[in-house]
Structures are given as structure tokens and as C-alpha cells.
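Remarks on the overall topology
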Amino acid sequence: MKSSWPRVEPAPQQPERLPIGWDKPWLAPLAGYSDLPFRTLCREEGAACCVTEMVSAKGLWYDGLNTWKVLETVPWDTPLVVQLFGAEADCLGWAVRRLREKGFAWFDLNMGCSVPKVARQGAGSAMLRDPDNALACARAMIAAALPGHVSFKLRLGVSRDAVNWLDLALRLEDAGAGLVTLHPRTAQEGFGGRAHWEAIAEAKRRLGIPVLASGDLFTAEDGVRCLKETGADGVMYARGALTRPSVFREHQALLGGEPAGEIPAGELRRLIRRHMELIGSFGSEDNALYRLRSIVPRYVRSLPGVRLLRQKLCACRSLDELDGILDSFLAGSPGLSGPSGPSGMSGGAVRLDKFDPPETSCGPDAPMD
Ligand SMILES: Cc1cc2nc3c(=O)[nH]c(=O)nc-3n(C[C@H](O)[C@H](O)[C@H](O)COP(=O)(O)O)c2cc1C
């Protein structure tokens, strides 16, 4: 018997603290991707904490079914941070209270997404245009939550000539923020160029609250290097986790002095199969098939023959058939190469459009954040 949908059952005992540390890598919020099955997979692979996809505070206000679907969770899906977006202080404060009634305890506010649908409401990265309103929103959330239970995920500013993250972060700290995550690019930069990690180092120097690093963490090597170069309190893997959920385990191994190597085809098969199982166990077969048609290719996107694989997956009609297609695809493959190999994941080479969400809460018009 499949679980009902959406199943919103947070852990009855919420953690009093979030796990923060170099050896505690997080899964970043990923609209269209960081759903319950993927979070479960990442936790099994060593993610110490997960953030939901961004959730519309207004959507909660209108009690939208699609909004509650984004919040699907089960008791073992913990520690979990709910990321909200919105630009109205009353609505955000109300949303935190409503979510607390449901049993959620940890909250984050998106101050980085530049998708037009979000930015048009003055939310996401558009909050950086109006720091006073951003602060009013932050205060409303903080007042509605337990002390230190609200965090903020920022970009540097809307553009290079309007970089204002530090001033805002200092004000957020003053208002009672529990932690700050910085994706050190401007909204205008989208996902282009390189993330300016030096801003993360500056955040560490200037703020007393924990700072999590995000941006160009494609491999465990990137994550560990970022920690060492910036002194951040922890990292969040985003695109790195999408193609390689084992990045969390590799991160911990690397800190223990063990270099990350290749993912052999057998291991890749195990990861994909597990993701398939998890999707199957939380939804209907039709839904699972729909999601898997776009999820499977992303794991093997650096291997030859992916285009043909996509075509075959689109034509397949059952999970068994999909399983068979994947088996024969991987049979001749050596697996994914290590961090600096031809997977193309190092050095910011990944194109965001390769990650257009299959059924995102904010549409496929990337860039997101
Ligand atoms: C497909 C996709 C969806 C994302 N969705 C969100 C989101 O809902 N909320 C958010 O704060 N950031 C979101 N981000 C931004 C990531 O959390 C992260 O900050 C960004 O990708 C930089 O990290 P990376 O370069 O290591 O991928 C998204 C990024 C991608 C690629």
C-alpha cells in the first residue's frame, strides 16, 4: 500500500540544534529536485542535514495542494530545514507559525532566486533590492520561530554594482538569524563564471553566527577545498549532489584522508536503483516513471550514448522496462570517473539548463537560487 499523497509528517522530535561542521555536509535546497526521495537518498549517502525545495509562503496561505506536496516528509527525514520564499512579512510570519503547528521547527528564507516568477513578487534575489523589507520579513519569521531557528540564504547582491550582502547579513545577525548561507554570485551573474569564495571568507571574518558555503561545489574535493580556503563552518552541495549523491560520503572520506575515486558502474547502478525504489515507494507508478525519465539521464550524463538512452526512456511504459534499459546501458560502461575526470563536473563547467526541473515549483526558466 503506497503512502497517501502528500504525506506531511515531520519528525515528532525535532533536533534542538542543526548539525554544523566540516564533516557534516548538507544537501542544498534544489527546486524540482530536493524532494523526499532524493533527500532520503542523500541522507543514506551521508548528508547531515537537508533543505526542502523553496516553498511559497503565499501558496501555504492559500493552502495550495502543490505547495503541500513540496513539503512532503516523513519522521526519518530529519534534520530538515524548510526553505520559504515570499516578500510579505505578515505572510512569512504566518507561514512559520502554520508550519510549526504541523511539526516543522527549522526555517530558511530564500534571498537568492532570480526566476522571474519569484523575483517579480519582490522575493528571492529581489529582496536584496529592498533590504528594509528583507529585514522586516526576517524579523517576522524570527519572531514566529524558536530562537536561532531561522536562517537566510543570500547571493551577493542583484548586480556587481549593487553588492550589499554584508550589510544585510550583519543586520540579519543582529535580528537573531541562526545562520547564513552564501552563494557568492550576484543575481545578475546567475550561475556564470566562478563563485566568489572570497566573500565567504569575509562572511566568516565579519559574522559571529555560522556561515555555510554554497557555489561551485561539484565534487568532494571542491567542498573540502572551499572549507579550507574560506574557513566556512560547513558546505551545502547542490549541483554536485544532483549528479553524484555519493558526494556526501566522498566528502567525509576525503576529510579522513581518503581520496575520492571513480564510481564504478555497479555502484552507479546501486545509487540509481535506490533512487528509483525511493520514488516508487512514495508515489504512483505513473508518477515514478515520469520522474525517472528525467532523473536517470542526469546520473549518467557524462557517459557516451545518453541521447539514445533518453529516447528509449521516453518510449518506455513501465518501471520494469526502464530497469532493463538502464541495465543494458550500464552493462558496457566503466562507471563515472573521479573528481577531475571527464565527468565535466569540476571547475564550474556544468550548465544549469541541464538541470531544468521536471516539475519544479517555479518553472524551468532557470537560473534559480
Ligand atoms: C536546479 C536548481 C534548483 C535550485 N533551487 C534552489 C532553491 O529552491 N532555493 C535556493 O535557495 N537555491 C536553489 N538553488 C541554488 C543552490 O542551492 C545552490 O546555492 C547553487 O546551485 C550554487 O551551488 P553549486 O554551484 O554548488 O550548484 C538551485 C540550484 C539549482 C541548480
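Here, the structure is the one placed above.
Reference entry: report on the structure contained in this document. (Residues numbered from 1 in each chain as written. Predicted model: local features only at pLDDT ≥ 70, side-chain atom pairs only at ≥ 80, totals over all residues.)

Here's the deal with the overall build of the protein chain
Within the protein chain, the regular secondary structure consists of 15 helices and 11 strands. In the protein chain, which comprises 369 residues, the share counted as buried stands at 49%. Considering only contacts within the protein chain whose residues lie at least 6 apart along the sequence, 70% involve residues at least 24 apart. (Helix = DSSP H or I, 4+ residues; strand = E, 2+ residues; numbered from the N terminus. Buried ≥ 20, exposed ≤ 12 C-beta atoms within 10 Å, placed from the backbone. Contact = placed C-beta atoms within 7 Å.)

Focus: the site of the ligand
The immediate surroundings of the ligand are formed by 26 residues, with Ala28, Pro29, Met54, Ala238 and Arg239 found nearest. Looking at the shell around the ligand, its residues break down into 13 nonpolar, 8 polar and 5 charged. (Near = placed C-beta within 6 Å. Nonpolar A, V, L, I, M, F, W, Y, C, P; charged D, E, K, R; others polar.)

A word on the nonpolar core
Core analysis: the largest hydrophobic core is formed by 87 residues, its most contacted members being Trp26, Val82, Met141, Val180 and Tyr237. At 6 residues, the largest contribution of residues to this core is made by helix H6 (residues 131-144). Non-local contacts of Met141, meaning those with residues more than four positions away in its chain, are made with Leu92, Gly93, Val96, Phe107, Leu109 and Val150. Ile272, Met276, Leu289 and Leu309 belong to the second-largest nonpolar core, a separate cluster that totals 19 residues. (Core = buried A, V, L, I, M, F, W, Y, C linked by C-beta atoms within 7 Å.)

Describing the environment of Pro147
If you trace the backbone, Pro147 turns up in the loop between H6 and strand S6 (150-154). Under the C-beta neighbour-count criterion, Pro147 is labelled exposed, with 8 such atoms within 10 Å. Between the C-alpha atom of Pro147 and that of Gly178, which follows or precedes it by 31 residues, the distance is 7.7 Å.

So, the packing of helix H1 (residues 36-44) against helix H12 (residues 265-282)
At a minimum axis separation of 9 Å, H1 and H12 run at an interaxial angle of 140 degrees. Put simply, H1 runs oblique to H12. Here H1 runs over H12; the crossing is right-handed. Side by side, H1 and H12 meet where Leu36, Pro37, Thr40 and Leu41 of the first sit next to Arg274, His275, Leu278, Ile279 and Phe282 of the second. A breakdown of the residues in the contact of H1 with H12 according to their chemical character gives 6 nonpolar, 2 polar and 1 charged. (Axes fitted to C-alpha atoms, helices over the stretch in contact; angles between N-to-C directions. Parallel < 35°, antiparallel > 145°, perpendicular 65-115°, else oblique. Left-handed = near helix turned anticlockwise from the far one by under 90°.)

Quick word on the pairing of strand S9 (residues 234-237)
For a regular strand, the rule is simple: side chains alternate between the two faces of the sheet. Across the two faces of S9 the burial is the same, with Gly234 and Met236 and Val235 and Tyr237 all buried. One crossover worth recording links strand S8 (residues 211-213) to the parallel S9 by way of helix H9 (residues 220-230), and it is right-handed. (Right-handed = clockwise from strand over helix to strand, strands pointing away.)

Re the packing of H12 against helix H15 (residues 319-331)
At a closest axis distance of 11 Å, the pairing of H12 and H15 adopts a crossing angle of 165 degrees. With respect to H15, the axis of H12 lies roughly antiparallel. As H12 packs across H15, the resulting crossing turns out to be right-handed. The residues of H15 that touch H12, namely those facing Ala265, Leu268, Arg269, Ile272 and Gly280, are Leu319, Leu326 and Leu330. The residue makeup of the contact of H12 with H15, split by class, is 6 nonpolar, 1 polar and 1 charged.

Considerations on H1
Extensive coverage of H1 is indicated by the burial of 8 of its 9 residues. Looking at H1, one finds that the buried residues are Leu36, Pro37, Phe38, Arg39, Thr40, Leu41, Cys42 and Arg43. On its buried side, H1 packs onto strand S1 (26-27), strand S2 (49-51), helix H10 (239-243), helix H11 (247-255) and H12. Positive phi appears at Gly46, one or two residues downstream of H1, with a value of about 115 degrees.

A word on the environment of Lys312
Following the sequence through the fold, Lys312 ends up in helix H14 (residues 306-315). Between the C-alpha atom of Lys312 and that of Leu326, which follows or precedes it by 14 residues, the distance is 9.6 Å.

Description of the pairing of strand S7 (residues 179-182)
Burial along S7 is two-sided: Leu179 and Thr181 and Val180 and Leu182, pointing in opposite directions, are all buried. Here S6 pairs with S7 via 4 bridges, running parallel. Bridge pairing links Ser151 to Leu179 in S7. Regarding topology, helix H7 (residues 165-175) serves as the crossover connection from S6 to the parallel S7, and that connection is right-handed. In this fold, the crossover linking S7 to S8 by way of helix H8 (residues 197-206) has right-handed handedness. (Pairing = 2+ DSSP bridges.)

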